[in-house]
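# Architecture at a glance
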Amino acid sequence: MAAPPSASPSPSPAAPGPGLATPGAVAVVVSALRAAGCVFAEEEAELLLGSARSQKELTSMVDRRAAGLPLEHVLGWAEFHGLRIAVDPGVFVPRRRTEFLVDQALARAPQTPVVVDLCCGSGALGAALAAALGAVEVHAADIDPAAVRCARRNLAPYGGLAHEGDLFDALPPGLRGRVGILTANVPYVPSDEVALLPPEARDHEPKTALDGGADGLDVLRRVAAGASEWLAPGGCLLTETSERQAPAAVAAFREAGLTTRLAESEELYAHVVIGVRS
């Protein structure tokens, strides 16, 4: 997975912890978060107060957030497509804009029996698709062991499996030619721009989930080139990219023999390339 963080906190507000959310405590937490540069201090304070089970835990959570740890890593979860997705420290945080990719997948293959999520990170896409599709075989893969461990937890309620390895090499051979939805939220930040990312991403998420090579499209091209071997007839590959990279990403899909289109959401500022095996 790949993009810089969204501009607002991902999770929805929770109910304040018992006895913690006094006006004075709220003011102290908001002040600490503002001093640390948190733009949405009030919303984040509500989430932290709602998650903490004791004053000691609240203090620790506020300190970690003020030190720059992503909010989702502090909470231990992120809201994604109506689900609460576990997110361990060091694992890529699912972005709200990527919900658009899930919606595009559901619109194009609402009855597929097999879903595969490459570059899965926490497994958020696979979990969201499984929750929406019902009885479906779900596989996810990532090269990062920490991500695979996290994805296994998030996919377990749906009977999904997460595999460790490099893209298609991680998948069971029996999936070849059977995949109806193949998602790949690949890293797409150009290498020389990784250092320009916000500290939350640059310092706390794995570089393998961010760095997409010289033009940001190295992994995307590899996925596109191998997709037809794994997709069922009529199956679709979907991946996220930036507005600037979209024309080259579309070209890579077409060069791989996929019938390709670009879907865009102005509201989420999301760009999803969709390729179908004809």
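Structural notes, computed from the coordinates. (Residues numbered from 1 in each chain as written. Predicted model: local features only at pLDDT ≥ 70, side-chain atom pairs only at ≥ 80, totals over all residues. Heavy atoms only, no water.)

## A look at the pattern of salt bridges
To keep things clear, this is the line we draw: Counted as salt bridges are all cases of a side-chain nitrogen of Lys or Arg within 4 Å of a carboxyl oxygen of Asp or Glu. Exposure is judged per residue with a 1.4 Å probe applied to protein chains only, and the accessible area is read against the type maximum: over 50% gives exposed, under 20% gives buried, and values in between give partly exposed.
Applying the stated criterion across every chain, the model contains 16 salt bridges. With its nearest N and O atoms 3.0 Å apart, the salt bridge here joins R53 to E57. Taking the relative accessible area as the measure of exposure, R53 reaches 71% and is therefore exposed. Salt-bridge contacts for D166 lead to R222; the nearest nitrogen and oxygen are separated by 2.6 Å.

## Points about the packing of aromatic side chains
Heads up, the condition is: Planes of paired rings set the category: under 30 degrees apart is stacked, over 60 is edge-to-face and the rest tilted, where pairs are Phe, Tyr or Trp rings (Trp by its six-membered ring) whose centres lie within 6.5 Å. Under the DSSP-based scheme used, a helix requires at least four consecutive residues in state H or I and a strand at least two consecutive residues in state E, with every element numbered from the N terminus. Should the NZ of a Lys or the CZ of an Arg lie within 6 Å of a ring centre and within 35 degrees of the ring normal, that charge is described as sitting over the ring.
Within this structure, the stated rule accounts for 1 aromatic pair. For the pair F168 and W230, a centre-to-centre distance of 5.7 Å together with 15° between the ring planes defines the contact as stacked. Taken together, the positions of F168 in the loop between β5 (161-164) and β6 (179-184) and W230 in helix α9 (residues 218-230) put the pair 62 residues apart, joining distant regions of the chain. Neither residue differs from the other here; F168 and W230 are each classed as buried. We note R84 situated over the ring of W77; from NZ or CZ to the ring centre the distance is 3.6 Å.

## So, the sheet that holds strand β9 (residues 270-276)
Note the threshold: Strand pairing is assigned whenever DSSP detects at least two bridges linking the two strands. Axis lines are fitted through C-alpha atoms, for helices just across the contact stretch, and the angle between N-to-C directions can take any value from 0 to 180 degrees. Residue contacts are counted whenever heavy atoms from the two residues lie within 4.5 Å of one another.
One open sheet holds the 7 strands; their spatial order is β5-β4-β3-β6-β7-β9-β8, and the pairing between them is mixed. Every interior strand has two partners, whereas the edge strands, β5 and β8 (259-265), have only one. Direction aside, the axes of adjacent strands within the sheet are offset by 20° on average. Lying over the sheet, helix α7 (residues 145-155) contacts β4 (137-142) and β5, oriented at roughly 170° with respect to β5.

## Here we look at helix α10 (residues 246-255)
Quick reminder of the rule: Relevant arc is that of directions from the helix axis to the C-beta atoms, nothing else.
Among all positions in α10, only A246, A249, V250, A252 and F253 are buried. Down the axis, α10 shows its buried residues gathered within 155° of arc, on one side only. When the buried face of α10 is taken as reference, the exposed residues oriented beyond 90 degrees from it are P247, R254 and E255. Tucked inside the fold, the buried residues of α10 contact α9, β7 (231-241), β8 and β9. Once α10 finishes, G257 follows within two positions and takes phi at roughly 90°, a positive value.

## Topic: the packing of helix α5 (residues 99-108) against helix α6 (residues 124-133)
Going by this rule: Here is the rule for angles: anything less than 35 degrees is roughly parallel, anything more than 145 is roughly antiparallel, 65 through 115 is roughly perpendicular, and the remaining ranges are oblique. Left-handed describes a crossing whose near helix is turned anticlockwise from the far helix through less than a right angle; right-handed describes the clockwise counterpart. Residues are grouped as follows: nonpolar covers Ala, Val, Leu, Ile, Met, Phe, Trp, Tyr, Cys and Pro; charged covers Asp, Glu, Lys and Arg; every other residue, Gly included, is treated as polar.
Closest axis-to-axis distance for the α5/α6 pair is 10 Å, and the angle between their directions is 40°. Classified by the angle between their axes, α5 and α6 sit oblique to one another. Our pair here, α5 against α6, has a crossing hand that is right-handed. Along the contact surface, α5 presents L101, V102, A105 and L106, while α6 presents L125, A128, L129, A132 and L133. For the contact of α5 with α6, the class distribution of residues is 9 nonpolar, no polar and no charged.

## Comments concerning the nonpolar core
Going by this rule: In this description, a nonpolar core means a group of buried Ala, Val, Leu, Ile, Met, Phe, Trp, Tyr and Cys residues linked to one another through side-chain atoms lying within 4.5 Å.
Counting 39 residues, the largest nonpolar core has L129, I181 and L238 as the members making the most contacts within it. Broken down by secondary-structure element, the contributors of at least two residues to this core are β1 (77-80), β2 (83-86), α5, α6, β4, α7, β7 and β9. The element contributing the most residues to this core is α6, with 7 residues. Judged by nonpolar contacts, the second largest core, of 29 residues, contains V186, W230, L231 and V273.

## Points about the state of the cysteines
Stated precisely, the cut-off is as follows: Note on terminology: disulfide denotes any pair of cysteine sulfur atoms within 2.5 Å.
Taken as a whole and judged by the stated rule, the model has 0 disulfides. Between C150, a free cysteine, and C120, which holds the nearest cysteine sulfur, the sulfur-to-sulfur gap is 8.8 Å.

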